Amino acid sequence: MRFHVNALKSLCLALAFTGLVLPQVCLAGAGGGSGVDEPSVIQHLFGPPALDGTNVNSTLVSVNSALYGTTTNGGPGEDGIIFSLTPIGQYQIVYSFGALATGPSRLVTGYQPPKDPTGPLAAVGSVIYGTTKSGGFYNGGTLYSYNTATGSLQILHNFGGYGSASPNGVSTDGTVVVGSITTAGAPANTGGLFLYNIASRKYSLESFNVSQMQNSMPAGPPVPLNSSTWAGVTTAGGMYGAGTVYTFTPQNGQFSYVHSFTGVGADQSPVGVAAIAGALYGVTGSSTQPGELFSMSFSTSVPNSFSVLHLFGTAGGTDPSEPSAAPTVVTTPLGQMLVGLLRAGGNGFGAVYTVGLDGSNYSIIHNFSGYDSGIPDGGLVTGPDGNLWGTGNPLTFKASVFRLGPQISNAAPITTDVYNGGQGDLVDVINGTGFATNVTAMFDKTPVEVEAGGTSTQVSLKVPASLLTQGSHVITLRDPNIGNDSNTIVVTVGGVHLRVSFGNPNNVDGFQDIVTIANTGNSIATNVQIVSAQLIYSNGAVVPLQVYGSTADIQPGQSSQFAAVSPTVVATGSPVLVVHWAYTGGKGGAATRLHL
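Conventions adopted
Residues numbered from 1 in each chain as written. Predicted model: local features only at pLDDT ≥ 70, side-chain atom pairs only at ≥ 80, totals over all residues. Heavy atoms only, no water. Core = buried A, V, L, I, M, F, W, Y, C linked by side-chain atoms within 4.5 Å. Buried < 20%, exposed > 50% of the residue type's maximum accessible area, 1.4 Å probe, protein only. Contact = heavy atoms within 4.5 Å. Salt bridge = Lys/Arg side-chain N within 4 Å of Asp/Glu carboxyl O. Helix = DSSP H or I, 4+ residues; strand = E, 2+ residues; numbered from the N terminus. Pairing = 2+ DSSP bridges. Axes fitted to C-alpha atoms, helices over the stretch in contact; angles between N-to-C directions.

A. Region of the structure containing the nonpolar core. With 24 residues, the main nonpolar core has L498, I517 and L535 as its most contacted residues. When residues no more than four places from it in sequence are discounted, the contact partners of L498 are I517, A518, N519, A525, V528, W581 and Y583. Within the second largest apolar cluster, 14 residues are counted, among which are A441, V448, V459 and L461.

Written out as structure tokens, the structure reads:
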């Protein structure tokens, strides 16, 4: 069964004139996710420092149905906060660092409250792990855990004593938490890593002890490469003093130097790395040097094979040159892609890029503006809604959290009751805004065909009859650039399915048109009625119509007729006839263009 696209377009036009919004008819999203410029939506702007945090410096972490992050400064305690944010914009400060540290985890007398949280966060279950730069017993920073279920914070280690200070973030494989420390206070004046075993609660420190890694500065924590090995980068050290790629085995504390950056052009100052299927992907770059995207293979056939996949800045001002964090992997219709953030885009602010794992299909998919997160800081993370989230610094605000992805958050079908009478495939029309021309769709996680010829406000899905089992089903639309999903669209196969058709209008002694509502589902529709009818002209004029016809119970395969009437002759032209109908358990609408 196919819905009438022309009538649907007329209905959308009519709703634009009237300002009406119906749950099942022409619900439009708030923006556009095109194949040219992937939109960025500000989800939270941080307020005054005395009330809210400032300087978001950590990549967000997704826990259950919310995202969590930290700010270095601000908040009630003036020394940073942990905050939570849901995909629908519910924001909350859940912990305040500094003198006014909150909750049952407040440190006992003699300790300095932890403050200045920094670096990437990591999560295992409902527990978040992170570090602070200062505070703690020795005022050299802390390793802490925050339980999102109980709201309690616990100090796991105090830095500053015995050769370790100033940690800068953590990562985890679910068994151990591995973090990095700077050269300050570390043995032999080198950088190093610390380990915290989640099960045994044991802490240990491992210093960089490979000769070519001396005097190195870790660029954040390493990441798990496989079940036994981690990999990371340093911003200094190596054969040329321009940084290294190293591997680390937590079981025995063994470091291995595997690559040295040359210090020539973009080949220096690595920023961070991500591990994907046993391979390492990372970026370099600084405010004074362009950056590069590189990969390293650790397979037995080509061990430690280093490749430069892309040189940033090669396209001039339209291709910025300073990556802000390691890339993130996403799944798109083109396969797995990398997506990352750059600090300076073509319009003087940040940008978002995507590129294939082999360096192909490089593209800038979004340029930030001064009011659109400005200069992004940190990396991107997939949120509980399937979209990518990050943090930035807008022109006129201290910090922000943004969502990157399709803005078809209110995508909706013309009706939520879909039924094909048990025969053949089903074509369902989805309304919204910002649909890319090559959007893909899933029906209960099974890919289904998106018919060609869709627009930015409407797509048609072809669902095979084999998937049309009676009951509730979920449709999601996927963005073609970075694999983000729209809101879930719940439809019911079987049950009631009402379809509206119109007769030939009569405008001789007054206006009249016959409206037929047919039930093509397999359940009875009770108390069916037309709740309103009107003519809407292109100049905005609206003529309300009287509706004649009794409330009806319509059996499957049957129909009922109503008359939409004006006692006087209406103006000639091409108005849109709009009707809104309802029945027990649902409502909707339909429209048609008339020629009077």
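The rest of the description comes next.
B. Representation of the pattern of salt bridges in the model. Considering all chains together, one arrives at one salt bridge under this definition. When the shortest N-O distance is used, the salt bridge between R343 and E322 registers 3.3 Å. Remark: E322 occurs in the loop between β22 (305–311) and β23 (328–332) and R343 occurs in the loop between β24 (335–342) and β25 (351–356); sequence separation between them is 21 residues.

C. Layout of the environment of K202. Following the sequence through the fold, K202 ends up in the loop between β13 (192–197) and β14 (203–207). On the accessibility criterion, K202 (58% relative accessible area) is exposed. A sequence separation of 46 residues divides K202 from L156, and the C-alpha atoms of the two residues are 9.2 Å apart. Look past the residues within four positions of K202 in its chain and what remains in contact with it is L195, Y196 and N197.

D. Region of interest: the sheet that holds strand β20 (residues 279–284). Taken together, the four strands give an open sheet; going across it, the order is β19-β20-β21-β22, and neighbouring strands pair in antiparallel fashion. With one partner strand each, in any of the chains shown, β19 (270–276) and β22 form the two edges of the open sheet. Pairs of neighbouring strands in the sheet enclose a mean axial angle of 20°, with direction left out of account.

E. How the structure looks around the sheet that holds strand β7 (residues 112–124). Pairing in this open sheet of four strands is antiparallel, and the strands run β7-β8-β9-β10 from one edge to the other. Strands at the two margins of the open sheet, each flanked by one partner only, are β7 and β10 (152–158). Strand-to-strand twist in this sheet, taken as the mean axis angle between neighbours without regard to direction, amounts to 30°. By the bridge criterion, six bridges tie strand β8 (residues 127–136) to strand β9 (residues 142–147) in an arrangement that is antiparallel.

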